[in-house]
Amino acid sequence: MYKYKCMNPIAKIGLNNFTDKYEAVDNVDDADGILVRSANMLEMDFSDNLLAIARAGAGVNNIPIDKCAGKGIVVFNTPGANANGVKEMVLAAMLLASRDIIGGTEWVKANAGDPDIAKLTEKSKKKFAGTEIFGKKLGIIGLGAIGVRVANAARQLGMEVYGYDPYLSIDAAWRLSSDVKHVTNVDDIYSKCDIITIHVPALDSTKGMVNEAAISKMKKGVILINLARDILCNEADVLAGINSGKIRKYVTDFPNPTIAGHDGCIVIPHLGASTEESEDNCAVKAVLELKDYLENGNINNSVNLPNCDMGVCAGPRLAIIHKNVANMISQFTSFLGNAGYNIKDMSNKSRGDYAYTLIDLEDEIEDAIVSKIEKIDDVIRVRIVRKDV
Ligand code: MLT
């Protein structure tokens, strides 16, 4: 029986994928797997039972992924599962920033009791006039699942689209409209574009990337959209840009004391992926990733360990998380050979400081083998995955 804990409500359609081999638990320390959305896990201590955490969403800045890797806890996310929801929010953000729809509807609310509101409207509406997005230059920083969808949709809306992504995947390149202009220097996005939208993960290397220096290269009256994570922008510099007239509007999905309520900011309460469809897609993907790891030892869409997939587990399978150093595989194979175990199939993958080895064996293996392999230097965690749990 596998045990899982939901740290946040997770859509039922995802949880329905758990079979009778699974039990929901209240105490997180009992869980083999955790499902999480936005709960802050950064200061949590993890029990030795915990094998994996699956985040129903793309960003993982609420999970200590390095600490987890060091403990042999695999962290998954669900890239692409909510990308359409966020793409649609970017389209809304562009329109809300270009036309003063919010100011206009607030004006109507404030004047709702006026019997002459219809006449008054025609006199007052000019202060809410805006610009169109057709023909404008859109710069997209980060062409992952969301950035590519935004690029293609913006082309459909008649925008001139510029994309920057030094880590563009082959898959993303295949999906990207050939009309999107590929930019190799982010400064070209800053200097050319009327609207700029950011779609990169929050990492030490991307934190504060939109700062005074970047803003100084932008066109006067630029619209800046940040539905990725607030820390990507130095928001004090963004406010200075708004006050000087350089930035026309800053649209963000992350309210905080710096920008909430500030003139020139449209602050949305983290609704980018809050759609029925996105929540369902993320829940299904997170649960399936977690199940595949618990039942088969397969890793797909991990953010802290290498992806490694040997398909459905048909017999005893050793799953070994270890440091990415020389001579590990030969130690595993000679240990197993000396102990009389015949290897049927194996796979080894590495990512940064960590590596993962899956070994399918011909015959049943004794549980005591786990602690013996764990004694090999630089081995972090060993698990025997069996067909029937
Ligand atoms: C994400 O990280 O996928 C988005 O911020 C949406 C969310 O988690 O609600």
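Keep in mind it's a predicted model, so treat the numbers as computed, not measured. (Residues numbered from 1 in each chain as written. Predicted model: local features only at pLDDT ≥ 70, side-chain atom pairs only at ≥ 80, totals over all residues. Heavy atoms only, no water.)

With respect to the overall build of the protein chain
Argument step 1. Helix and strand counts for the protein chain stand at 13 helices and 16 strands.
Argument step 2. Residues classed as buried in the protein chain amount to 48% of the 389 residues present.
Argument step 3. In the protein chain, once contacts between residues fewer than 6 apart in sequence are set aside, the share between residues at least 24 apart is 61%.
Argument step 4. Within the structure as shown, the protein chain displays about 18600 Å² of accessible surface, and the carbon and sulfur contribution to it stands at 50%. (Helix = DSSP H or I, 4+ residues; strand = E, 2+ residues; numbered from the N terminus. Buried < 20%, exposed > 50% of the residue type's maximum accessible area, 1.4 Å probe, protein only. Contact = heavy atoms within 4.5 Å. Areas by Shrake-Rupley, 256 points an atom, 1.4 Å probe, with all protein chains shown as cover.)

Section: the UniProt feature "domain: ACT" (unreviewed entry) in the protein chain
Argument step 1. Mapped onto the present numbering, the UniProt feature "domain: ACT" (unreviewed entry) falls at residues 317–387.
Argument step 2. With 24% helix and 44% strand, the stretch residues 317–387 has end C-alpha atoms that lie 9 Å from each other. (UniProt positions renumbered as here; feature names shortened; annotations may be inferred.)

Comments concerning the packing of helix H3 (residues 83–98) against helix H6 (residues 145–156)
Argument step 1. Closest axis-to-axis distance for the H3/H6 pair is 9 Å, and the angle between their directions is 50 degrees. The orientation of H3 with respect to H6, classified from their angle, is oblique. The hand of the H3/H6 crossing is right-handed. The residues of H6 that touch H3, namely those facing Ala83, Asn84, Val86, Lys87, Val90 and Leu91, are Ala145, Ile146, Arg149, Val150 and Ala153.
Argument step 2. Along the lines of polarity and charge, the residues of the contact of H3 with H6 split into eight nonpolar, one polar and two charged. (Axes fitted to C-alpha atoms, helices over the stretch in contact; angles between N-to-C directions. Parallel < 35°, antiparallel > 145°, perpendicular 65-115°, else oblique. Left-handed = near helix turned anticlockwise from the far one by under 90°. Nonpolar A, V, L, I, M, F, W, Y, C, P; charged D, E, K, R; others polar.)

Re the site of the ligand
Argument step 1. Around the ligand, the neighbouring residues are Arg37, Arg55, Gly57, Ala58, Gly59, Asn82, Arg229, His270 and Ala273.
Argument step 2. Residue Ala58 places a main-chain N or O atom 2.6 Å away from an oxygen atom belonging to the ligand.
Argument step 3. Here Gly59 contributes a backbone N or O atom positioned 2.8 Å from an oxygen atom of the ligand.
Argument step 4. When isolated, the ligand has an accessible area of 260 Å², and the protein chains bury 92% of it.
Argument step 5. For the shell around the ligand, a count of residues per class yields two nonpolar, four polar and three charged. (Near = heavy atom within 4 Å. Polar contact = N/O pair within 3.5 Å; in protein donor to acceptor, adjacent residues only side chain to side chain.)

Thoughts on the sheet that holds strand S12 (residues 265–267)
Argument step 1. An order of S8-S7-S6-S9-S10-S11-S12 is seen for the seven strands of this open sheet, with the pairing classed as parallel. The sheet is open, and its two borders are formed by strand S8 (181–183) and S12, each paired with just one other strand. Ignoring strand direction, the axes of neighbouring strands in this sheet form an average angle of 20 degrees.
Argument step 2. Here helix H10 (residues 235–244) sits on the sheet in contact with strand S10 (222–226), strand S11 (247–252) and S12, set at roughly 145 degrees to S11. (Pairing = 2+ DSSP bridges.)

Concerning empty space enclosed by the protein
Argument step 1. Overall, the coordinates contain one cavity of 30 Å³ or more when judged by the stated rule.
Argument step 2. Approximately 30 Å³ is the volume found for the largest cavity.
Argument step 3. Lining the largest cavity are Val28, Asp29, Ile34, Met44, Asp45, Phe46, Ser47 and Leu50.
Argument step 4. Here the lining of the largest cavity is composed, by residue class, of five nonpolar, one polar and two charged. (1 Å grid on protein atoms, 1.4 Å probe; cavity = no way out; pocket = protein on both sides within 12 Å on 5 of 7 lines; lining within 4 Å. Points joined across faces, edges and corners; volume = space filled by probe spheres on them.)

Thoughts on helix H12 (residues 328–338)
Argument step 1. Buried within H12 we find Met328, Phe332 and Leu336. Along the axis of H12, the buried positions cluster into a sector of 60 degrees, meaning they face one direction only.
Argument step 2. Gly340, located one to two residues past H12, shows a positive phi value of around 85 degrees. (Arc of directions from axis to C-beta.)

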